[in-house]
Every structure is written in structure tokens, then in C-alpha cells.
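# Fold and geometry: a report
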Amino acid sequence: MPGPTRVCLLACLALNAMPLARAAEPAPRSGLSARELLDHVDDLYRGASAHGRMSMKVVTEHWTREMKMEFWSLGKDRSLVRILEPKKEKGTATLKSGDNIWNFLPKVSRVIKVPSSMMGGSWMGSHFTNDDLVKESRMADDYDFQVTFEGARGGDEVVEITCVPKPTAVVVWGKVVVVLRRADAIPLRMDYFDEDLAPARSLVFDGVRVLGGRTMPTQMRMQPQGKPGEATEVRYEQIEFDVPLEEGLFSLRSLQR
Amino acid sequence: MSTLRIAWRNLWRNSRRTWITAAAIALNTAVLIATFGLMRGIVVDMVRQITLLSVGDAVVHAEGYRQERSFFKPIPAEVASRVLAASEAAGVRAAPRAFGFGLVSSGSKSSGAMFWGVDAAAERRAFDLPGRAAEGSFLSLPDERGGGRTYLGRPVRELVLGRKLAKTLQAGVGAEIVAVVQAGDGSLGNELFTVTGVLGGVGEEIDRSAAFIHRADFDELFVADGRVHQIALSARGALTDAEVVQRLAAAARGAELVSWRALLPAVSDMTRMFDAMMWIFALVFLLAAGLGVTNTMLMATYERIREFGVLKALGRSPWGILRDVAVEAWLLALSATAIGLVVGLAGSWYLWARGIDMSSLGGDIVVQGVTMNNVWRATLVPMDVVGPVVAMWLACVLASLYPAARAARIDPVRAMTHV
């Protein structure tokens, strides 16, 4: 599922190799085109490399759990996430390289590759899928888009952009609606619709503050449709962009360390 | 009595014609009996594969489990223990099972799998599946285990794979399998297993996705707290599926108890469709035999037209003549089906004892997801023998009615002057 999902936590994992200058770039002014706004959202969490910590809280009908993790990413297609808490799963790690995902399981001390048939499955029990981690493409490339609303909504001046996948794009969604703050192009929410255009899930952004030198939402909440009370909440606690990282960090050998 | 004797004598006035017709009836009867036996063989084999292999005569699930197949819908614990206790008393063997989806990985190969947490002793008692290991053996019994099965001298957690899953993973006996699952508490359950058995072909679903493990290992892997999703019940042929359901209905209150027919409606419908097909097939044979009889009786009555004239002149009623001819046809059918019965039973016996070896066709014969036996054997049930024979009598008598009616309606004067 290429496309806008990366904007969420996994955007961080899949950080695109953007010019260094990006990080220092001032927030866009209003009056940007829809394409520029979408690109801004895509690039918000990206850098040539990144390193940080985040927490993830998953609430389902049957259980609730909270995890803390550390992540590293290099370029747009290499990333590594290691679980710090809870204790039972400490050391469990996910390595993403290109289109592949491997998990390291410290309990049995084995690395396993996630088969393509399970890429649509949940990542670490969350409401994000393995696919959300690996696909990297730009919304403005995969979708036809147009501004469908501009004006005041919920106390903010917002721009709503409706994106419909191009016929050639390999995308599982039928439509994605992105709402951004007009003043600084900070994303507020993204609503995903399935192929029948029924709502499938919503990603809501919050906690906008300066982190790693950028102004960005530091919390996001993925809410699946039709499962009230279920959600995955991700909170960035610390993030540094453009830190020097060795390529060897993103290897199977390093994964097992 | 004299009617029978006269009819019998009449039959042998032209013995060659009678023999030919009798041979046709006998052959049709024999083919019908043997065919019914073969068709019944498929149905019985299919039902046996289901009720004896792994599904059972009837199955208990939590209400709504069959629709959602949710890990979080186990059979309420008190219902489960009630059913297990009651099945003993009802003469039914019960196998409790827990199911959970996860990932299995061997070397660089991995695949999704359905874990079956089973009680090895109960499975062996109730079902044939544990005896179907193509390589290695099924999960060992607790007493064989002696504190943990070992493979090449080290203790292992046993895992038995469905055939196609084993092929996907390129894993044989001795292969190490990493299992990764979403556990019941949301954590990432993972464990190392060793393949100790690979099943032969037992049915599409199990072949493709099943990974059998001991329930104790399942509980640990899935943080499952002893939950049970299914209790499969098998009477091993001693009771029908309906009887099993009836005997355990009270114990299963609070959960859903259904016959395998409700669980696998497509297969159930198919077994019923076979019955219909058998009779459509039979109809063709009965018609062929009947037409032969009509012809024979037409000729026989035509030859005796003057006798019928005399009989009528002497006061024999048309009904009497109708009856004479019909009895003649029935006697013909009786003797012919007796021969057909012997030949048909012999054929069926051969098809039962030797069967038709289908393995040369290559691969498994899978019907509606049920893997059939490689040797196709006939099965004889009384109805499949009595049915064709009686139907043949009826066909012959019905077929004689037209010639009989012609003979009965005859005008005595014209008949006696008939040359």
C-alpha cells in the first residue's frame, strides 16, 4: 500500500533521502499548490537519516499494551526498529530493507522474513500493517488530487485535498482525504477509504511542537473504521535528523545483535 | 397357484426368446447393483473421511465462532468440561482443540499457518488423522514423552505439518521451525519447534495450512490460558451424526453443537445429490429393460391371440387375462433378477474387495476439499440391492400392461378366426 501511510510512524522508519537543506527549510507559506502541500506532508518526517525514540500504545477490544522503541533510518528504504519495553519483548527488532521486512526474535534468537502473503498483516499487533512500513512513494506521484475544501474548520484555517489513486498505482485505497493547516501545512488528519469508497481508517495528528529542529505533529492516532474503542497511538519522544549512521547498522547481522 | 404354473409354462413356450429377454433384465439388474455399490462407495468414503479422519460426526464451537473464527471466542470453560464429561457417558469420543493463526518459518522460507493446539491422546482415540503421518509420526502421547520428546538426543517442542505447508517451507522431519504469533495478551508470541511429523494428504485445509502442536505448547505460545475453540466428536461409526447431536445437546447448552452436515453443507448436499444421480441413472436402465419386456410380451400375446379368444369365449374376464399376462411378466422379471442379483453381488463383492486403483491417475482425488481414498471401493447396503431388484419387477410388470391390455380387450369371435 504505497502512499500516504508513511506519514505516520513508519514515515520515520522509511525516511526519504531528502536534501539536507530540507530540514532547515522554513515552514511553507500559505498559497502553496496542492502538490507542494502533499510533498510537504510526505517530507515532514524525512531526512537523509534519522534516529529517535517513540512509544506506541495499542488498544483493541481484547487487550491494551504499550511499547517503547528506538528507531534508526537511512535513506528512504532502510530502517531498523528495536523494542525497549515491555520487558518480555525487549530486543525484538524489525529491519526494513527495500521491500523486505525481517523480524529478530530474541527469545528464540532467530531472524525471520515476513512472507509477502503476510505483508497486509498487523505490524507488532498494531493497527498499522507491514506494508505500511515498506512502501515508499510520494502521494503526489501515486494519486490524482484536488483541493476540495478551503476555509475555517474546527477553529483552524484548513485545506482539504482529496486524492484518488492513479489507475497505474498499486494502492489498496480507493480514496484518501488529507486535511492540513493552511498556515504551516501541518497535517491534521487523513481519512482512508476502501475500494468501494467506504471509510476504512483514519489517522489523526496531534501534539504539534518542535522536535529535532522541525515543527511537526508528535502524536498520531490510527483509528480503524467500525471498531470503536480500538486505536493505535504513536508518540515521538525524541528525534534527530541527519545523524551519521553506518550502512552496516541495517544488516541482518546487526539485527541479531 | 395354477395361474403361476400356467404363466411359467407359457414363458418356456419360446425358450430362446425368454432367455434373451431374461438375460437383458439380468444384465441390467447386475449393472445397477454394481453401480449403486460404486456410487455408494464414494458417498460412504466421503462421509468416513469426514467423520473418522478429523472433523467428526458433530462439532462444538462457541456461539458465533464459525462465522468469525475469532481466537477470542473460545467455548465457555464450563461448557467444554461438561461436553467432555458427557461424551464419555454417551459413547462418543471427544477431541478438544484450540486454533490460532500465526507465522511459521524454516530457514529462509516462511508462511502463514493455522496452529492446532491438540490433545494427542484424545486425537488418537477419536480420529484416524494421527495415523496418517507420511513422514515421522503424529504428536507423541504424554507417557511416550517422558518429560519432553527428544530429537537426535535433545529435547524439542513437537510440531506436525500439513503436507503442502511442509512443502512450502521445504521442511521435513527434524527441521527447526520458528513460530511467531499474535498472542492473546497482544504480545508477540514466539517459540522454536522441531518438525516431528509431516502428514499425508488428508484434506485441502489441513494440507495447506495446519501446524499441529501440543495444547500445552499452544497455551504458552498464544498465552491462551487453556482455551478451547472446538470439540470434535466422533462415535467411530457406532452412532449417526444426528444421534451424537441428540445425546450431547443438553451438555452443549451455552455453545453451538452441529452435525458435520451443517459444518460442511456442500459435502452433505453432494452426498444427497449422489442419491438422486443414482436413481436418474437407474431410470435409464429400467426403461431399457422395460422396453425389452414390452416387446417380448407383445410377441407372446400375439402368438396366442386365438387362445385368448377361446379363453374369453369360455368366460374369462378381461381383468383375468390382464392378470395372467402381468404375472407372466413378473415371473420373467423374478427369475431374471435372481440371476442378475447373483451376478451383481459377485461384481460388487469384487469391487469391494479389490476396488479400482485410482492412484495411477496421479495425485490425490479431492472432492469438495475432502481427500478421497486412492482405491475406489464399492459399498453394499441392503437398500441399494433391494431397490434395483424391486424397481426392476415394477418396470417389467408396468411394461407388460400394454400388451396385456391388448390381449384383454380382444373380441373372441375375431380372435378365434384370426389366422
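Residues numbered from 1 in each chain as written. Chains lettered and ligands numbered in written order. Predicted model: local features only at pLDDT ≥ 70, side-chain atom pairs only at ≥ 80, totals over all residues. Heavy atoms only, no water.

The subject of this paragraph is the packing of helix H14 (residues 318-353) of chain B against helix H15 (residues 382-408) of chain B. Residues and elements named next belong to chain B. In contact at an axis separation of 8 Å, H14 and H15 are set at 150 degrees when each is read in the N-to-C sense. Classified by the angle between their axes, H14 and H15 sit roughly antiparallel to one another. By crossing handedness, the relation of H14 to H15 is classed as right-handed. For the pair H14 and H15, contact is made by Pro318, Ile321, Leu322, Val325, Ala326, Ala329, Trp330, Ala333, Leu334, Thr337, Leu341 and Leu345 and by Val385, Val389, Met392, Trp393, Cys396, Val397, Ser400, Leu401, Ala404, Ala405, Ala407 and Ala408, respectively. Of the residues contributing to the contact of H14 with H15, the split by class is 22 nonpolar, two polar and no charged. (Axes fitted to C-alpha atoms, helices over the stretch in contact; angles between N-to-C directions. Helix = DSSP H or I, 4+ residues; strand = E, 2+ residues; numbered from the N terminus. Parallel < 35°, antiparallel > 145°, perpendicular 65-115°, else oblique. Left-handed = near helix turned anticlockwise from the far one by under 90°. Contact = heavy atoms within 4.5 Å. Nonpolar A, V, L, I, M, F, W, Y, C, P; charged D, E, K, R; others polar.)

Attention now goes to the packing of aromatic side chains. As enumerated under the stated definition, the model contains 15 aromatic pairs over all chains in all. Ring centres of Phe71(A) and Tyr236(A) lie 6.1 Å apart, and the angle between their planes is 75 degrees; on these two criteria the pair is classed as edge-to-face. One end of the pair, Phe71(A), is in strand E2 (residues 64-74); the other, Tyr236(A), is in strand E13 (residues 231-241), and 165 residues separate them in sequence. In this structure Tyr236(A) comes out as buried when scored by relative accessible area, which is 0%. A ring pair is formed by Trp330(B) and Trp393(B), whose centres lie 6.1 Å apart and whose planes are at 85 degrees; its orientation type is edge-to-face. Linking Trp330(B) in helix H14 with Trp393(B) in helix H15, this pair joins segments that are 63 residues apart in sequence. (Phe/Tyr/Trp six-rings, centres within 6.5 Å; stacked < 30°, edge-to-face > 60°. Buried < 20%, exposed > 50% of the residue type's maximum accessible area, 1.4 Å probe, protein only.)

Once that is clear, we can look at the domain arrangement of chain B. Residues and elements named next belong to chain B. For chain B, the assigned domains are domain 1 (2-51 + 268-416) and domain 2 (56-263). On a C-alpha basis, the centroid separation for the pair domain 1 and domain 2 is 49 Å. Of the residues lining the interface, 10 residues belong to domain 1; the matching set on domain 2 comes to 13 residues. Between domain 1 and domain 2, the buried area comes to about 940 Å², and carbon and sulfur atoms account for 44% of it. Looking at the side of domain 1 facing domain 2, the largest losses of area belong to Ile50, Thr51 and Ser268, adding up to 45% of the total buried there. (Domains from an automatic or database assignment. Buried area = accessible area lost by both parts, 1.4 Å probe.)

On to the side chain of Thr337(B). Residues and elements named next belong to chain B. By the element assignment, Thr337 lies in helix H14. A polar contact of 2.7 Å, which involves the side chain of Thr337, links it to the backbone oxygen of Ala333. The contact partners of Thr337, leaving out residues within four places of it in the chain, are Ile25, Thr29, Val389, Met392 and Trp393. (Polar contact = N/O pair within 3.5 Å; in protein donor to acceptor, adjacent residues only side chain to side chain.)

Counting from both sides, the interface comprises 22 residues of chain B and, opposite them, 17 residues of chain A. When the buried surface of chain B facing chain A is broken down by residue, Phe72(B), Leu188(B) and Asn190(B) rank first, second and third, together holding 30% of it. If you look at where chain B meets chain A, you find three salt bridges. A salt bridge links Arg110(A) to Glu176(B); the nearest nitrogen and oxygen atoms lie 2.5 Å apart. Linking chain B to chain A there are eight residue pairs in polar contact (both at pLDDT 80 or more). When residues of the side of chain B that touches chain A are traced back to their parent elements, those giving at least two are strand E2 (93-106), strand E3 (109-118), strand E8 (176-182) and strand E9 (188-199) of chain B. When its residues are assigned to classes, the side of chain B that touches chain A shows nine nonpolar, 10 polar and three charged. (Salt bridge = Lys/Arg side-chain N within 4 Å of Asp/Glu carboxyl O.)

Residue and element names in this part refer to chain B. Turning to helix H9 (residues 215-222), its buried residues are Asp217, Phe218, Leu221 and Phe222. The arc enclosing the buried residues of H9, seen along the axis, measures out at 110 degrees, which places them on a common side. Once H9 ends, the next one or two residues include Val223, with phi positive near 45 degrees. (Arc of directions from axis to C-beta.)

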